[in-house]
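# Structure assessment
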There are 2 protein chains.
Amino acid sequence: MTPAALQAACEAELARLWQGHADGAHDLGHVRRVLCNARAIAAEEGGADDAVLVPAAILHDAVNLPKNHPGRRRASTLSAEAAARFLAALPGYPADKIAAVAHAIAAHSFSAGIAPETAEARILQDADRLEALGAIGLARMFHVAGQMGAGLFDPDDPLATARPLDDRRHALDHLEVKLFPVAAAMQTAAGRRMAAERIEWMRQFRHRLMTEIG
Amino acid sequence: MTPAALQAACEAELARLWQGHADGAHDLGHVRRVLCNARAIAAEEGGADDAVLVPAAILHDAVNLPKNHPGRRRASTLSAEAAARFLAALPGYPADKIAAVAHAIAAHSFSAGIAPETAEARILQDADRLEALGAIGLARMFHVAGQMGAGLFDPDDPLATARPLDDRRHALDHLEVKLFPVAAAMQTAAGRRMAAERIEWMRQFRHRLMTEIG
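In this text, all values refer to a predicted model and were calculated from it rather than measured experimentally.

Rules and cut-offs
Residues numbered from 1 in each chain as written. Chains lettered and ligands numbered in written order. Predicted model: local features only at pLDDT ≥ 70, side-chain atom pairs only at ≥ 80, totals over all residues. Heavy atoms only, no water. Contact = heavy atoms within 4.5 Å. Buried area = accessible area lost by both parts, 1.4 Å probe. Salt bridge = Lys/Arg side-chain N within 4 Å of Asp/Glu carboxyl O. Polar contact = N/O pair within 3.5 Å; in protein donor to acceptor, adjacent residues only side chain to side chain. Helix = DSSP H or I, 4+ residues; strand = E, 2+ residues; numbered from the N terminus. Nonpolar A, V, L, I, M, F, W, Y, C, P; charged D, E, K, R; others polar. Domains from an automatic or database assignment. Expected span 1.5 Å × (residues − 1). Buried < 20%, exposed > 50% of the residue type's maximum accessible area, 1.4 Å probe, protein only. Axes fitted to C-alpha atoms, helices over the stretch in contact; angles between N-to-C directions. Parallel < 35°, antiparallel > 145°, perpendicular 65-115°, else oblique.

### Notes on the interface of chain B and chain A
The interface is formed by 30 residues belonging to chain B together with 30 residues belonging to chain A. Between chain B and chain A, a total of about 2,600 Å² is buried, with carbon and sulfur atoms accounting for 64% of that surface. On the surface where chain B and chain A come into contact, there are six salt bridges. For A:R32, the salt bridge identified is with B:D156, shortest N-O distance 3.2 Å. The tally of links from chain B across to chain A stands at ten residue pairs in polar contact (both at pLDDT 80 or more). When residues of the side of chain B that touches chain A are traced back to their parent elements, those giving at least two are α2 (28-45), α7 (134-148) and α9 (189-213) of chain B. With eleven residues, α7(B) is the largest single contributor of residues to the side of chain B that touches chain A. Grouping the constituent residues of the side of chain B that touches chain A by class yields 15 nonpolar, seven polar and eight charged.

### Observations regarding the pattern of salt bridges
One pass over the structure, following the stated rule, counts 28 salt bridges over all chains. As a salt-bridge pair, B:R208 and A:E197 come within 3.0 Å of each other at their nearest N and O atoms. Taken as a pair, B:R208 in helix α9 and A:E197 in helix α9 (residues 189-213) lie in two separate chains rather than in one. Salt bridges linked by common partners bring A:E197, A:R198, B:R208 and B:E212 together as one network.

### Topic: the domain arrangement of chain A
Residue and element names in this part refer to chain A. Taken as a whole, chain A is organised into domain 1 (1-124) and domain 2 (132-214). Computed over C-alpha atoms, the centres of domain 1 and domain 2 are 25 Å apart. The interface of domain 1 with domain 2 comprises 17 residues on the first partner and 15 residues on the second. Buried area between domain 1 and domain 2, summed over both chains or domains, comes out near 1,300 Å², and the portion from carbon and sulfur atoms is 62%. The interface formed by domain 1 and domain 2 contains one salt bridge. For the salt bridge of E44 with R193, the shortest nitrogen-to-oxygen distance reads 2.9 Å. Viewed at the interface, domain 2 and domain 1 are joined by four residue pairs in polar contact (both at pLDDT 80 or more). Elements with a contribution of two residues or more to the side of domain 1 that touches domain 2: α2 (28-45) and α6 (119-130). At seven residues, the largest contribution of residues to the side of domain 1 that touches domain 2 is made by α2.

### Some thoughts on the environment of A:H170
Residues and elements named next belong to chain A. In this structure, H170 sits in the loop between α7 (134-148) and α8 (174-184). Along the primary structure H170 and Q187 are separated by 17 residues, whereas in three dimensions their C-alpha atoms are 28 Å apart. When near neighbours in sequence (up to four residues on either side) are disregarded, H170 contacts G151, L152, F153, D154 and R163.

### Quick notes on helix α1 (residues 3-17) of chain B
Residue and element names in this part refer to chain B. The first and last C-alpha atoms of α1 sit 21 Å apart over 15 residues, in line with the 21 Å expected at 1.5 Å per residue. Those residues of α1 that sit buried are L6, Q7, A9, C10, E11, E13 and L14. Residues of α1 that are buried in the fold lie against α2, α3 (50-58) and α4 (75-88).

### Observations regarding unusual backbone geometry
With a phi close to 55 degrees, A:A160 is a non-glycine residue in the positive phi region. With respect to the secondary-structure elements, A:A160 resides in the loop between α7 and α8.

### Looking at the packing of α7(A) against α9(A)
Residue and element names in this part refer to chain A. α9 packs onto α7 with a crossing angle of 55 degrees between their chain directions and a minimal axis gap of 8 Å. The orientation of α7 relative to α9 falls into the category oblique. Taken together, the residues of α9 that come into contact with α7 (itself represented by G134, A135, I136, G137, L138 and F142) are R198, W201, M202 and F205. Split into classes, the residues belonging to the contact of α7 with α9 amount to seven nonpolar, two polar and one charged.

So, in structure tokens, the structure goes:
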């Protein structure tokens, strides 16, 4: 099975699982970019199996629950189970790689609290986190805030100098609450370098925004 | 009536009119920034009356209909009427300035199709359009897309090189559909200069986004 054929099969399964459940921030473009990030990190880090990375990246959000869904912490485990079921039934996919795919997917999400124990799991976690950073991360941050009814920022105290951070009310707070800490917790050297560059750009964005809004 | 007292009275009226109808992209921060922009433009252009600018800026979105509301084209006219009613009943506000406030509000919106005929109307239009540009404009663009269920961009053709532009489906298309043309249609020299600088930054953002998503 070529990498391209494996990717096409996984994308077809994702389309089936996502019928009517895709959203703007989690779509085919997102999972393809995560695969692209994962391969870029793997090329620097070494030790990762592309036949594991492809299904892990494409199917990592197979069960896609909204950010405010009570079962969201379980989404990555449910996605891992869906991927394992699919791969076990996929003609030509090596059965001995399924557990590695499932572990990478189950461990990719911060909220699942599962430590990544393989190269592919560390790489997938970093690859997905890169999507939350930089220009793409910024676009997704404000998009999700719009979906969930949060505001852009607190007009009276946008940098939260004199109030608790609250990213459920103010999208901009998400930088300090989640994204800057995420960048500091990358698993691979390549991921850390890419994250640092994207974070620096986000800081420049925030500085510019503060100048514009006075 | 001092400018600060006039602004406070208008903000109190806005809070009353907006009860339960504010959204993240149209809030008190937005109308205050529009006033700030308007004063910056007025300082360069001259010929504008601050006692007209203050209520026009604070109350320009008094009737705030969603972007997909069928009556949205009428929102600026309804806002103008609401502002006129309020000012007519406001002790100490000069009756002979009410028509200028109402005209500036009615003409501020592109979709209303009313040509701005006074310095205050031209300045308010430019001041409001600046909010759609630069870092704040970008944040609002993706936030509105999230609210309305649009995606971030077309993953297969993000720059629409081989498809029609469609900013109801793809937030990024909004740059070409609406924001770049808006910047080219500014009414004042100061507004044009500020818009050009913000548009240049948005082009740099788009270039970076394209690099990140490959």
